[in-house]
Amino acid sequence: MKKKVYGAILAVLGLFILMQLIPIDRENPAVTLDMPAPKPVKDILKRACYDCHSNETKWPWYSYLAPVKFMIRHHIDEGRNKVNFSTWDQPQGEEKAEIPEEIIEVIEKGEMPTWDYILMHAEAKLSNKDVAVLKQWAATTDKGGERGETGDDETTATNKPTHKTSKDTTLVQKTKDTDDE
Ligand code: HEC
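Residues numbered from 1 in each chain as written. Predicted model: local features only at pLDDT ≥ 70, side-chain atom pairs only at ≥ 80, totals over all residues.

1. Concerning the overall build of the chain
The number of helices and strands found in the chain is eight helices and zero strands. Seen in sequence order, the chain has helices and strands lined up from the N terminus as α-α-α-α-α-α-α-α. Partitioning the intrachain contacts of the chain with sequence separation of at least 6 by distance along the chain shows that 71% fall at a separation of at least 24. (Helix = DSSP H or I, 4+ residues; strand = E, 2+ residues; numbered from the N terminus. Contact = placed C-beta atoms within 7 Å.)

2. Quick word on the site of the ligand
Taken together, 19 residues are adjacent to the ligand, and Cys49, Cys52, Glu78, Gly79 and Met112 come closest. Looking at the shell around the ligand, the elements that each hand over two or more residues are α3 (50-53), α4 (68-82) and α5 (99-108). A class-by-class count of the residues in the shell around the ligand yields 10 nonpolar, four polar and five charged. (Near = placed C-beta within 6 Å. Nonpolar A, V, L, I, M, F, W, Y, C, P; charged D, E, K, R; others polar.)

3. Section: the nonpolar core
Ranked by size, the top nonpolar core spans 18 residues in total, and within it Cys49, Ile103 and Leu134 carry the most contacts. The set of elements that each furnish at least two residues to this core consists of α2 (39-48), α3, α4, α5 and α7 (128-144). When neighbours within four sequence positions are excluded, Ile103 is seen to be in contact with Leu134 and Ala138. (Core = buried A, V, L, I, M, F, W, Y, C linked by C-beta atoms within 7 Å. Buried ≥ 20, exposed ≤ 12 C-beta atoms within 10 Å, placed from the backbone.)

4. A short note on helix α1 (residues 2-21)
In an α-helix, one turn spans 3.6 residues; hence positions three or four apart end up facing the same way. Taking 1.5 Å per residue, 20 residues should reach 28 Å; α1 reaches 29 Å between its end C-alpha atoms and fits that length. Buried residues are scarce in α1, accounting for zero of its 20 residues. (Expected span 1.5 Å × (residues − 1).)

5. What about unusual backbone geometry?
Here the residue pair Ala66 and Pro67 is connected by a cis peptide bond, since its omega of 0 degrees sits within 30 degrees of zero. Within the fold, Pro67 resides in the loop between α3 and α4. Looking along the chain, the bond that leaves Met112 and enters Pro113 is cis, with omega of -10 degrees. Note on placement: Pro113 falls in the loop between α5 and α6 (115-120).

6. Considering α2
Buried within α2 are the following residues: Val41, Ile44 and Ala48. The arc that holds every buried residue of α2, seen down its axis, measures 65 degrees, which confines them to one face. (Arc of directions from axis to C-beta.)

7. Let's talk about the environment of Asn28
Its place among the elements puts Asn28 in the loop between α1 and α2. Its 14 C-beta neighbours within 10 Å are what place Asn28 among the partly exposed residues. Placed 27 residues apart in sequence, Asn28 and Asn55 show a C-alpha to C-alpha distance of 4.9 Å. Here Asn28 is in contact with Asn55, Glu56 and Thr57, once residues within four sequence places are set aside.

8. What to know about the confidence of the model for the chain
Taken as a whole, the chain shows an average pLDDT of 85; of its residues, 78% reach a score of 70 or greater. Note that residues 143-181 has pLDDT below 50 and, in this model, 12 contacts with residues that lie over four places away or in other chains. (pLDDT = per-residue confidence, 0-100.)

Written as structure tokens, this is what we have:
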């Protein structure tokens, strides 16, 4: 009986040690274009999001420790795939113009930063003021920023189905194509 217990403990221990030998890539690829944003916004994103959504990841000591390191690697892969603030000159996993709005959505739902990240990074917890700063930014970026800059002007409003009226258009489309996901 005792032998069996020791055997099991040794097996687990051995597995644990072997796991440590499996390497993970802890690289940070080049920053090709950092997403432009006002400094207060950038400061918040850097503090709370950049470890998973940029190529400026600060790999913590436990990213050297299996099995946690596999989880971390996976989160960073997934995070960068969706939104990578370091490659703003390239297509993102989400529609770029929608990202500011989505950021607010995931923050308000409490999905981001992820709870396990906050557990290890207390500074990543967003205050009400942080959220207000981001909201203000998202509101201006979405309407007046990327989309608005393309020669939006009142006089041509009639022959322009997108841009400013995109919200209404989406609504109409949604009611039309009900099979839309
Ligand atoms: C610990 C790593 C981690 C941190 C920190 C983190 N994210 Fe994420 N994020 C992820 C992962 C993983 C996904 C993809 C998984 C998913 O869609 O649920 C994701 C997805 C997203 C998405 C796409 C959501 C969707 O439904 O497609 C947005 C937007 C986002 N994150 C914004 C943020 C913002 C803003 C912050 C900082 C306030 C942040 N994230 C911090 C890991 C992280």
